[in-house]
Amino acid sequence: MQENQKIEFVPPQRILWQQGEITGSEVLFRNSGKFQTLWKKELCCISAGGSILLDYGEELQGSVRLVLGRCSPTGYIGERPYKVRIRLGESVSEAMDEPINHHTMHNLELLLAPMGENRFGRSGFRFVRIDNLEDIALKFYEISALKMLQESPRRGSFLSSDPLLNDIFEASARTVDNCICGLIMDGAKRDRLVWMGDLYAELRALHALYGDHPAIRPTMEFMLDEAKESGIFNGISPYSPYFFTALREYLKYVPAADWAISHKVNICNVADKMLARWENEKELLLTHGIIDWYEESGLAQNGYPALLAWGVLACRDVAEIFGDQDLKQRCTDVYNDIRNSFVLADTNGSKSVAAAAVAGGLADPQKVWQEILSQQAETGLSTLHMDNILKAWSRAGKTAPAIELLKKYYGGMLSLGSTTFWEHFELEYLDNAARIDQLPQSGKRDVHKECGRGCFAGLRHSFCHGWGAAVIGWMTEELAGVRSAADGFAEAEIVGTTSFDGTLECSVPVPCGTIRIRRINGKISELNVPEGLKYTLV
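First things first, this report covers the structure right here in the doc. (Residues numbered from 1 in each chain as written. Predicted model: local features only at pLDDT ≥ 70, side-chain atom pairs only at ≥ 80, totals over all residues. Heavy atoms only, no water.)

1. Notes on the layout of surface pockets
Convention followed: Site definitions follow a grid-based scheme: protein atoms alone, a 1 Å grid, a 1.4 Å probe that fits but cannot get out for cavities, and for pockets an open set with protein on both sides within 12 Å along at least five of seven lines, plus lining residues having an atom within 4 Å of a point. Grid points are joined across faces, edges and corners, and a volume is the space filled by probe spheres set on the points. In DSSP terms, a helix is any run of H or I states spanning at least four residues, a strand is any run of E spanning at least two, and both are numbered starting from the N terminus. Here the nonpolar group is Ala, Val, Leu, Ile, Met, Phe, Trp, Tyr, Cys and Pro; Asp, Glu, Lys and Arg are the charged ones; every other residue, Gly included, is treated as polar.
In this structure, the largest pocket occupies an estimated 540 Å³ of space. Glu249, Lys252, Trp310, Lys391 and Arg395 are, among the 21 residues lining the largest pocket, the residues nearest its centre. Counting only elements with at least two residues in the lining of the largest pocket, the list comes to helix 4 (196-210), helix 6 (240-253), helix 9 (303-322), helix 13 (386-395), helix 16 (471-479) and strand 13 (482-484). Classifying every residue of the lining of the largest pocket gives 6 nonpolar, 4 polar and 11 charged. What lines the second largest pocket is a set of 13 residues, among which Lys147, Leu149, Gln150, Arg154 and Asp177 lie closest to the centre. Listed by contribution, the elements that provide at least two residues to the lining of the second largest pocket are strand 9 (138-150) and helix 3 (163-178). For the lining of the second largest pocket, the leading source of residues is helix 3, giving 5 residues. Of the residues assigned to the lining of the second largest pocket, the class counts are 4 nonpolar, 3 polar and 6 charged.

2. As for the environment of glycine 156
Threshold: Between buried and exposed lies partly exposed: a residue is buried under 20% and exposed over 50% of the maximum accessible area for its type, with that area taken using a 1.4 Å probe on protein chains only. Residue contacts follow a heavy-atom distance rule, with two residues in contact if any of their heavy atoms lie within 4.5 Å.
Looking at where glycine 156 falls in the secondary structure, it is placed in the loop between strand 9 and strand 10 (157-160). On the basis of relative accessible area, glycine 156 is assigned to the buried category, the value being 4%. Separated by 50 residues in the primary sequence, glycine 156 and leucine 206 place their C-alpha atoms 9.1 Å from one another. Not counting residues within four places of it along the chain, the set of residues in contact with glycine 156 comprises Phe169, Ala208, Leu209, Ser507 and Pro509.

3. Considering the sheet that holds strand 15 (residues 503-510)
Threshold: Note on pairing: two strands pair once DSSP finds at least 2 bridges between them. Only the contacting stretch of a helix is used when fitting its axis, a line to C-alpha atoms as for every element, and angles between N-to-C directions run 0 to 180 degrees.
The strand order across the open sheet formed by 4 strands is 10-15-16-17, and the pairing between neighbours is antiparallel. Edge positions in the sheet fall to strand 10 and strand 17 (523-528), since each of these pairs with one other strand and no more. Adjacent strand axes in the sheet meet at a mean angle of 15 degrees when their direction is disregarded. Relative to strand 17, strand 16 (residues 513-520) runs antiparallel, the two being bridged by 5 bridges.

4. Overview of unusual backbone geometry
With an omega of 15 degrees, the peptide bond between arginine 190 and aspartate 191 qualifies as cis. The residue aspartate 191 is located in the loop between strand 12 (183-184) and helix 4 in this model. Even without a glycine there, the phi angle at arginine 192 is positive, about 55 degrees. Relative to the assigned elements, arginine 192 resides in the loop between strand 12 and helix 4. Even without being glycine, asparagine 234 reaches a positive phi, approximately 55 degrees. Here asparagine 234 shows up in the loop between helix 5 (216-226) and helix 6.

Quick look at the structure:
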């Protein structure tokens, strides 16, 4: 596995809190990536039993680097290791409380070697609390973060006259970047696993930023290898439709048909298991199956069939690429059966299910918007499905109000001090809420500790989750107005007038180069298309 990443040493940006006597703290703001020396007199001293809380300015994926000086009052010969406690937090609340060591260690006691460099952790964090557990002062030359950076050059960009939209694009980019470590993970802090249910959303962001990111194929190959025997991803059979939506999206934007054909045996094995499950367990699947973990406990009837229909359509397209007419016909038969079984009214108003139904061609977008998406439009949203929800709004001719919904929902996380997007968010969390980059306040809602449910509850909640970045795919297609019109992005479709009022400059990566477009009040003022790329104005 190649990580395709480099390291940047980041000093803390501010001290948010301290306890005990702290002297020389200004040295921490100057030093990052320095080589240790025994003769430096400028050291940050944390008194016996003292503590310090550092803010690194933005959520990052990486480690903490602690360079300890000479601490013993009797000289350095025979100096021993010293004990500290370190807590990493995506929020101040997490770093000041009891971070949960699920999947990565970010709350523990450890020994630091004096007169040397100590590196700790591999997680997603912004805040670091260090407690001196010794009965003497500890002297630090440096407490920096080792930020993991993408080596792949970012080719996609979005710059508009609306600062909030620009911030949403950049926070989305930071979110998905932080969720790559050789392969594409679901979260920088938790779970740091390759989850099939997350990959489609992450691909949407990566295509907008990089085109064909080098982590995509190894990630899909890793998943196919894991599913080789069972035909099931992550041990969860409803994840198969997500695989085909991700694969179809990849083939749409990248000339990768030959690569997909080289994995045909494993892909067809997954397709067989997915289709057979509907054929053999139709009645069960009408009322069971995961479409969104947030809705797991009260899943709407007909939820999974909506997702399955979308996946089966994608699988049918893949069968066409393979030239497998039997698989294509089987997909058609299963899809028609799902369509005949699907009842929009049975979705219990789930916006995630409604959006999947639109993506799967099961329901008219205008009807879905009128009956479900526009009803209490700001509630029941999901970072996993928000890209899909916005696409459904656009297909109903409601892109302009969808922009405002995007700004309110994602802007809500940013307004709380977040620099990345979360596993789940509800706008009601904003009511009487303290910012996540400030100390918890009495009488104010502690969003990280008090909100969420199920696997998103409390401090376990991931505040940098890759699926939250997918909306920049929608921004590229609907606001920049650039879409793939043929597999492998062999042809582009460029919208003549979009619904965005203001100025907008975007770069969109394509296999043969970069499309650059500038708009004023939705209309194209400048357009640069790479030589050899066919495109159609619509």
